[in-house]
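# Analysis of the macromolecular model
Chain residues, written in single-letter form:
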Amino acid sequence: MQIISLENISKVYSTKEIETLALENVNLEVNKGDFLSVMGPSGCGKSTMLNIMGLLDIPTGGRVNINRVDTTNMKDKAMAEFRNKTLGFVFQSFHLVNSLNVLDNVELPLLYRKMSGSERTRRAKEVLEKVGLVHRTKHFPSQLSGGQCQRVAIARALVGNPEIILADEPTGNLDSKMGAEIMDLLFQLNNEGATIVMVTHDEHIAKKTKCIVRFFDGRRVQ
Amino acid sequence: MYKVYFKQALHILKQDRLISAISIIGTALAITMIMLVYMVQEVKTANVLPEIHRDRSMYLNMMDIKYNTGGRWRAMLKYEALKECLLPLKTPENISATVMLTDAVVNMEGSAERNTYQLRQTDDNFWKIYSFPFTEGKAFTKEDFDSGIPVVVISQKIAKEIFKGQQAVGKTIDINFIPYKVLGVVKNISMLCRYSFADLWIPYTSVPSYTNSMYNFVALAKHKNDFDAIKEEVLVNQKKYNAIDTTRVLDLNGPYTVSQMLLDIYSSEDAANEIKANTRRNILILVIALIIPAINLSSFSLSRIRKRMSEIGVRKAFGANKFSLIGQVLYENMITSLIGGALGFILSFIAVVSLRDLLLSDSLSVLQSGEFGLSMSAFFSLSVFLAVFLACIALNVLSASIPAFRASRLPIVNALKS
Ligand SMILES: Nc1ncnc2c1ncn2[C@@H]1O[C@H](COP(=O)(O)OP(=O)(O)OP(=O)(O)O)[C@@H](O)[C@H]1O
Ligand SMILES: [Mg+2]
């Protein structure tokens, strides 16, 4: 069953001097339960595509459908709610909030839902247990290793129970051992039913996922 | 939700100690500064000992005379005008006239040691309109005044300098080489009490040339609402006076309230404009005094927000909409402002307490005696404090919410990158 579809997506970045065509007529469909790897050389538009898919960026042309809902003309509030309920993000550089401790970082997406404080904490602890960091709830991001930070970030992406997880080079800043841990976690999540789209440079990792798409120079080539 | 924001706000404040300290202290000082400006203004018009009825007092000390021959004189209030137009007033509760403060040479009877002091020649009503704390003796009476007998009330300062701790009452001193009997001693008066301050007070009738002196007139209204009626009665008397001799027209400049007297109104024709212009000036000063620190503070809140662009990106990515983001920024700024405001309140209060005595007294002995103060409420207006405080919060919040609003509209990707 189709959960995401990109139709004729193009993205142009215009600065004063130059116009960059980051994506050109990209079509892509992701089915529920997929684990999709996105590959391609640096600068080919992988992150741009993932951000558009996650409603973090707006395409210059084309349509993004998620759960068969056209998101093109969504208002800020509806868009925010959509991101909150349906999508979870994992970034290469973690993007944890430094002034919040681990527990509060993980609770962050739940702040934007109607939910009691104790319920938020219960859920956050539950996912922290899953990523093996329940003993670090009071730590701040600066007190954690890179791998631990990424596990917190994954917990944050999971806490709202989204159907889709979008990960942009989640292992990019980690050594191979920590990277493997993170991948194990993602595979486990996929087995539990989450749809995952992941950008990666690592051919080995990509091979283990269910499906690979390749980009070159703003176009999908495979 | 707000509990989490609160926790985070405190954490950020602690993390960025220098910036936080500067913006909190900045808010506090801005408030204190304005409170001081207000206080300095207030001390000139608030009821303070001995001028305890400033709110009901009206003054007049200038006049214009136009002659039919074309001459026009702007002058201090002369005795004739005082006697004809002002001393007969019936509306006020009390009236008094005082000769402009002059320097007088003073020495103890028989002593060659001479000093110069400030002399005020006045009447017996003066002691009823103002409330002087006597340490010895008493003031001169209506009988003393009417008879023009040379008696004097001196300040503690003179008593100390001339009598060196001995009892002063009953002794005689020479004022401008004429012997005066000391009737009483009062505590030292601040120079800020410009209508009552002096070192020596004598009945003006004791000076033979008193009809040639320049006067300052005060009327104590029964009630503030009587001001217009008093002015009206002055005009009536003035008209009568002008009817006697049509070769000249007297135009009394006043009477004015204590705060109007501060404006230096040069003629009765200018009065209305002067008062309006002054109100505008005061508002302008207040606005500038508020805006300058606000601009400085806003750069701090701006830099704080800039540092948190990526956080804003993260929050949006995980479901925050514009309103919740702006709400959070406002809330956080409110916390800083509240802390700054509380500190400002304490600072203002300390400033009021420590400057109060400085403003009101001119000698250490008064400071020590401590009886000379006035109630705090005369200086420290809670409503002014609150107004300034709210303005500070508003400016603080505004300076943070504009960048926050812009950040919230930024594409999330850009926010995340910064
Ligand atoms: N904000 C921007 N303004 C201008 N050009 C941009 C912007 N973001 C990306 N680009 C350009 O768009 C193209 C695609 O960038 P993108 O980040 O999607 O590449 P990528 O495939 O993720 O590369 P990498 O593997 O290095 O992360 C690049 O040429 C890049 O220079
Ligand atoms: Mg990228």
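Residues numbered from 1 in each chain as written. Chains lettered and ligands numbered in written order. Predicted model: local features only at pLDDT ≥ 70, side-chain atom pairs only at ≥ 80, totals over all residues. Heavy atoms only, no water.

### Observations regarding the overall build of chain A
- Helix and strand content of chain A: seven helices and ten strands.
- In terms of overall size, chain A behaves like a compact globule, its C-alpha atoms giving a radius of gyration of 17 Å where 222 residues would be expected to give roughly 17 Å.
- Its C-alpha atoms put chain A at 45 × 40 × 40 Å along the principal axes.
- Counting across all 222 residues of chain A, residues that qualify as buried make up 56%. (Helix = DSSP H or I, 4+ residues; strand = E, 2+ residues; numbered from the N terminus. Rg over C-alpha atoms; globule rule 2.2 N^0.38 Å. Buried < 20%, exposed > 50% of the residue type's maximum accessible area, 1.4 Å probe, protein only.)

### Examining the pattern of salt bridges
- Evaluation of the coordinates by the stated rule reveals 21 salt bridges over all chains.
- A salt bridge links Arg 308 of chain B to Glu 332 of chain B, with the nearest nitrogen and oxygen atoms 2.5 Å apart. Highlighted residues: Arg 308 of chain B in the loop between helix H9 (271-307) and helix H10 (309-317) and Glu 332 of chain B in helix H11 (residues 322-360), separated in sequence by 24 residues. Residues Arg 308 of chain B and Glu 332 of chain B agree in their burial class; the two are buried.
- Ionic contacts of the salt-bridge type, sharing partners, join the residues Glu 119, Arg 122, Arg 123 and Glu 126 of chain A into one network. (Salt bridge = Lys/Arg side-chain N within 4 Å of Asp/Glu carboxyl O.)

### A look at the site of ligand 1
- Looking at ligand 1, there are 13 residues lining it, with Ser 42, Gly 43, Lys 46, Ser 47 and Thr 48 of chain A nearest.
- Taken together, the residues near ligand 1 originate from chains A and B.
- Separating an oxygen atom of ligand 1 from a backbone N or O atom of Cys 44 of chain A is a distance of 3.3 Å.
- In this structure, Glu 169 of chain A approaches ligand 1 through a side-chain N or O atom, which is 3.5 Å from an oxygen atom.
- Within the complex, 68% of the 630 Å² of free accessible area of ligand 1 lies under protein. (Near = heavy atom within 4 Å. Polar contact = N/O pair within 3.5 Å; in protein donor to acceptor, adjacent residues only side chain to side chain. Areas by Shrake-Rupley, 256 points an atom, 1.4 Å probe, with all protein chains shown as cover.)

### Concerning the confidence of the model for chain B
Residues and elements named next belong to chain B.
- When pLDDT is averaged along chain B, the result is 84, and 94% of the positions lie at 70 or above.
- Across residues 362-374, where pLDDT falls below 50, the model places 27 contacts with residues more than four positions away in sequence or in other chains.
- For this predicted complex, the interface confidence reaches an ipTM of 0.93, while the overall pTM sits at 0.70. (pLDDT = per-residue confidence, 0-100. Contact = heavy atoms within 4.5 Å.)

### Details of the packing of aromatic side chains
All names here are of chain B.
- On inspection of all chains with the given rule, the structure shows 20 aromatic pairs over all chains.
- Summarising the aromatic geometry, the rings of Phe 126 and Tyr 130 are spaced 4.9 Å apart at their centres and angled 65° between planes, so their arrangement reads as edge-to-face. For the pair Phe 126 and Tyr 130, a shared accessibility class is recorded, and that class is buried.
- With a centroid separation of 5.0 Å and an interplanar angle of 85°, the aromatic rings of Phe 145 and Tyr 204 are classed as edge-to-face. Remark: Tyr 204 occurs in the loop between strand S11 (200-203) and strand S12 (214-220) and Phe 145 occurs in helix H5 (residues 142-147); sequence separation between them is 59 residues.
- Tyr 204 gets classed as buried once you look at its relative accessible area, which sits at 3%.
- Aromatic ring contacts, followed pair by pair, group Phe 126, Trp 127, Tyr 130, Phe 132, Phe 134, Phe 140 and Trp 201 into a single cluster.
- For Arg 248, the ring lying beneath its charged end belongs to Tyr 241, and the centroid distance is 4.2 Å. (Phe/Tyr/Trp six-rings, centres within 6.5 Å; stacked < 30°, edge-to-face > 60°. Lys NZ or Arg CZ within 6 Å of the ring centre and 35° of its normal.)

### Quick notes on the interface of chain B and chain A
- With 25 residues of chain B at the interface, the matching set in chain A holds 27 residues.
- Together, the buried faces of chain B and chain A total about 2,300 Å²; carbon and sulfur atoms form 64% of this surface.
- Considering only the side of chain B, the residues that lose the most area to chain A are Val 4, Phe 318 and Val 413 of chain B, jointly responsible for 27% of the buried surface there.
- Across the contact surface, chain B and chain A share zero salt bridges.
- The tally of links from chain B across to chain A stands at five residue pairs in polar contact (both at pLDDT 80 or more).
- Contributions of two or more residues to the side of chain B that touches chain A are made by helix H1 (2-15), H10, H11 and helix H14 (412-417) of chain B.
- With seven residues, the top contributor of residues to the side of chain B that touches chain A is H1 of chain B.
- The residue makeup of the side of chain B that touches chain A, split by class, is twelve nonpolar, eight polar and five charged. (Buried area = accessible area lost by both parts, 1.4 Å probe. Nonpolar A, V, L, I, M, F, W, Y, C, P; charged D, E, K, R; others polar.)

### Some details on the nonpolar core
Residue and element names in this part refer to chain A.
- Met 53 and Val 197 are the most contacted members of the largest nonpolar core, which has 48 residues in total.
- Apart from the residues lying within four places of it in its own chain, the contact partners of Val 197 are Ile 4, Val 30, Leu 36, Val 38, Leu 50, Met 53, Ile 165, Leu 166 and Ala 167.
- In terms of nonpolar packing, the next biggest core, distinct from the first, is built from 35 residues, Val 90, Ile 165, Ile 182 and Met 183 among them. (Core = buried A, V, L, I, M, F, W, Y, C linked by side-chain atoms within 4.5 Å.)

### Description of the pairing of strand S3 (residues 35-39) of chain A
Residues and elements named next belong to chain A.
- Taking burial as the measure, the five residues of S3 include five buried ones, the bulk of the element.
- The side-chain alternation of S3 yields two buried faces, one formed by Phe 35, Ser 37 and Met 39 and the other by Leu 36 and Val 38.
- Across four bridges, S3 lies against strand S8 (residues 195-199) in parallel orientation. Residue Ser 37 lies in a different strand from S8, and its bridge partner there is Met 198. (Pairing = 2+ DSSP bridges.)

### Quick word on the domain arrangement of chain B
Residues and elements named next belong to chain B.
- Domain boundaries in chain B define domain 1 (2-44 + 271-417), domain 2 (49-98 + 217-261) and domain 3 (101-212).
- In this structure, domain 1 and domain 2 have C-alpha centres spaced 45 Å apart.
- Contacts between the two partners involve five residues from domain 1 and, on the opposite side, six residues from domain 2.
- Carbon and sulfur atoms make up 57% of the surface buried where domain 1 meets domain 2, a total of about 450 Å² over both sides.
- Remark: the boundary between domain 1 and domain 2 carries zero salt bridges.
- Elements supplying a minimum of two residues to the side of domain 1 that touches domain 2: helix H2 (17-45) and H9.
- Residues belonging to the side of domain 1 that touches domain 2 are distributed by class as follows: four nonpolar, no polar and one charged. (Domains from an automatic or database assignment.)

### Some remarks on the sheet that holds S3 of chain A
Residues and elements named next belong to chain A.
- In spatial order, the strands read S6-S7-S8-S3-S9-S10; together these six strands make up an open sheet with mixed pairing. Of all strands in the sheet, those bounded by a partner on one side alone are strand S6 (87-90) and strand S10 (219-220).
- Examined bridge by bridge, S3 and strand S9 (residues 211-216) share four bridges and lie parallel to one another. Across the sheet, Leu 36 pairs through a bridge with Cys 211, a residue of S9.
- Sitting on the sheet, helix H6 (residues 176-191) is in contact with S3, strand S7 (164-168) and S8, with an inclination near 150° to S8. (Axes fitted to C-alpha atoms, helices over the stretch in contact; angles between N-to-C directions.)

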